[in-house]
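Residues per chain are reported as follows:
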Protein chains: 2
Amino acid sequence: MAKRILGIDPGLLHTGWAIIDAQGPSRHYVASGVILPPKNETMANRLACIFRGVSEICEKFSPDELSIEIIFVNTNAKTSLVLGQARAAAIVAAAIREIPVFEYEPNKIKKALTCAGHADKDQVYKMVKMFLPLANPKTPDESDAIAIALAHANSMQIRAF
Amino acid sequence: MAKRILGIDPGLLHTGWAIIDAQGPSRHYVASGVILPPKNETMANRLACIFRGVSEICEKFSPDELSIEIIFVNTNAKTSLVLGQARAAAIVAAAIREIPVFEYEPNKIKKALTCAGHADKDQVYKMVKMFLPLANPKTPDESDAIAIALAHANSMQIRAF
């Protein structure tokens, strides 16, 4: 049975999202886009915008599972903290609908697609186009969200063998 | 006119909450408690539990404003990241109901109550009991949530003069 996967690349300025269907080795592109919380809004209202956006996607496409990156505290701990809050707003929208949430390390997402843990955005875009020719991501956030959904689909397939 | 304030002390293990009414210099204790996300649940489901808990409090008590601490990246950046996600789950529950969110630095909250920026939990508890004798917080999280609500009430009063 096909699984419908929602991939999210969270951010307080741009939250990329993608819906793909996966069944065995086949992948089918359904939709993707970017949620854009207004820049001049408070942090609270921007988080609410991400929550509402992901809620609408869940209502419209009824995904079976959410795939999202794990955030590590990197050299800029403040940026990680902001990103963590955007990520939580997206996760909550799925979790309250009882959509299971799967978390992947950034390098594992890249490795699942490009065989390299440190692929750049251009390489990720190329692999997204190779797996899903119908996808036409217009921004890196959208491309990354598709990659996150694909990485989960590939990981599920590996587990199924 | 009295303002009903919701104070939240977020945490992935214990999220303290408090409702107080404030009018000019008068403060009235309404209710308080602790949301306890199940320890054996996934992070996503614990965030969903915080969101649902704060949503229920908003539905039941109809607060006018939310008061919550600002998180800074401290010596343990990983803890700050986890706390940031718990905080976002609480903020989103209020923000989607168009409840304005006010954020305060931890030291300013303590200073607003105890005149000392580095008051310990026992001093905070004593000041909570002095301002609101009817309050009977059973845990530090509950006491801190009342303090956060009181700090916002006191800050509003200062702004009103």
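Further up the page is the structure itself.
Report follows, based on the coordinates.

1. A word on the overall build of chain A
The number of helices and strands found in chain A is 5 helices and 5 strands. From first element to last, N terminus to C terminus, chain A shows the α and β order β-β-β-α-β-α-β-α-α-α. Over its C-alpha atoms chain A spans a radius of gyration of 15 Å, differing by no more than 12% from the 15 Å that the globule rule assigns to 161 residues. Judged by the C-alpha coordinates and their principal axes, chain A covers about 45 × 35 × 25 Å. By the burial criterion, 55% of the 161 residues in chain A qualify as buried. In chain A, 58% of the contacts between residues at least 6 apart in sequence involve partners at least 24 apart. Entry remark: accessible area of chain A is about 7600 Å², with carbon and sulfur atoms responsible for 57%. If you average the places of the 18 positive and of the 16 negative side-chain charges in chain A, the two averages end up 3 Å apart.

2. Description of the relation of the copies chain A and chain B
Once chain A is rotated about the relating axis by 180 degrees and shifted along it by 0.0 Å, it coincides with chain B to within an RMSD of 0.0 Å. Both copies are brought into coincidence by an operation consistent with a two-fold rotation axis. When the interface residues of chain A are mapped onto chain B, 100% of them again fall at the interface, so both copies present the same face.

3. Overview of the pairing of strand β1 (residues 3–9) of chain A
Where a strand is regular, its side chains alternate between the two sheet faces. Residue and element names in this part refer to chain A. Of all 7 residues in β1, 5 are buried, a share of seventy percent or more. Relative to strand β2 (residues 15–23), β1 is paired through 7 bridges, and the arrangement is antiparallel. Bridge pairing in β2 places I5 opposite I20. Hairpin connection from β1 to β2: 5 residues lie between these consecutive antiparallel strands. Judged from the 4 bridges that link them, β1 and strand β4 (residues 65–69) form a sheet pairing that is parallel. Residue pairing in the sheet places I5 in a bridge with E65 of β4.

4. A closer look at the sheet that holds strand β1 (residues 3–9) of chain B
Residues and elements named next belong to chain B. Reading across the sheet, the 5 strands line up as β3-β2-β1-β4-β5 and stay open at both edges, with mixed pairing between neighbours. One side of each edge strand has no neighbouring strand; the edge strands of this open sheet are β3 (26–35) and β5 (101–104). Strand after strand, the sheet turns through a mean of 20 degrees between neighbouring axes, direction not considered. Along the sheet, helix α2 (residues 77–95) makes contact with β1, β4 (65–69) and β5, crossing β4 at roughly 170 degrees.

5. What to know about helix α1 (residues 43–61) of chain A
Compared with an ideal rise of 1.5 Å per residue, which puts 19 residues at 27 Å, α1 of chain A spans 27 Å between its outermost C-alpha atoms and is within 8% of the ideal. For α1 of chain A, the buried fraction is high: 14 of the 19 residues fall into the buried class.

6. Side note on the interface of chain A and chain B
At the interface, 25 residues of chain A touch 25 residues of chain B. Interface area, chain A with chain B, both sides summed: about 1900 Å², of which 76% is carbon and sulfur. Linking chain A with chain B are 2 salt bridges. Between R52 of chain B and E98 of chain A there is a salt bridge, with its nearest N and O atoms 3.9 Å apart. At the junction of chain A with chain B, the criterion picks out 4 residue pairs in polar contact (both at pLDDT 80 or more). Where the side of chain A that touches chain B is concerned, the elements lending two or more residues are α1, α2 (77–95) and β5 (101–104) of chain A. The greatest single-element share of the side of chain A that touches chain B, amounting to 12 residues, is contributed by α2 of chain A. Tallied by class, residues from the side of chain A that touches chain B come to 16 nonpolar, 4 polar and 5 charged.

Criteria and thresholds
Residues numbered from 1 in each chain as written. Chains lettered and ligands numbered in written order. Predicted model: local features only at pLDDT ≥ 70, side-chain atom pairs only at ≥ 80, totals over all residues. Heavy atoms only, no water. Helix = DSSP H or I, 4+ residues; strand = E, 2+ residues; numbered from the N terminus. Rg over C-alpha atoms; globule rule 2.2 N^0.38 Å. Buried < 20%, exposed > 50% of the residue type's maximum accessible area, 1.4 Å probe, protein only. Contact = heavy atoms within 4.5 Å. Areas by Shrake-Rupley, 256 points an atom, 1.4 Å probe, with all protein chains shown as cover. Lys, Arg positive; Asp, Glu negative; His and termini not counted. Charge placed at Lys NZ, Arg CZ, Asp CG, Glu CD. Least-squares fit on C-alpha atoms with pLDDT ≥ 70 in both. Pairing = 2+ DSSP bridges. Axes fitted to C-alpha atoms, helices over the stretch in contact; angles between N-to-C directions. Expected span 1.5 Å × (residues − 1). Buried area = accessible area lost by both parts, 1.4 Å probe. Salt bridge = Lys/Arg side-chain N within 4 Å of Asp/Glu carboxyl O. Polar contact = N/O pair within 3.5 Å; in protein donor to acceptor, adjacent residues only side chain to side chain. Nonpolar A, V, L, I, M, F, W, Y, C, P; charged D, E, K, R; others polar.

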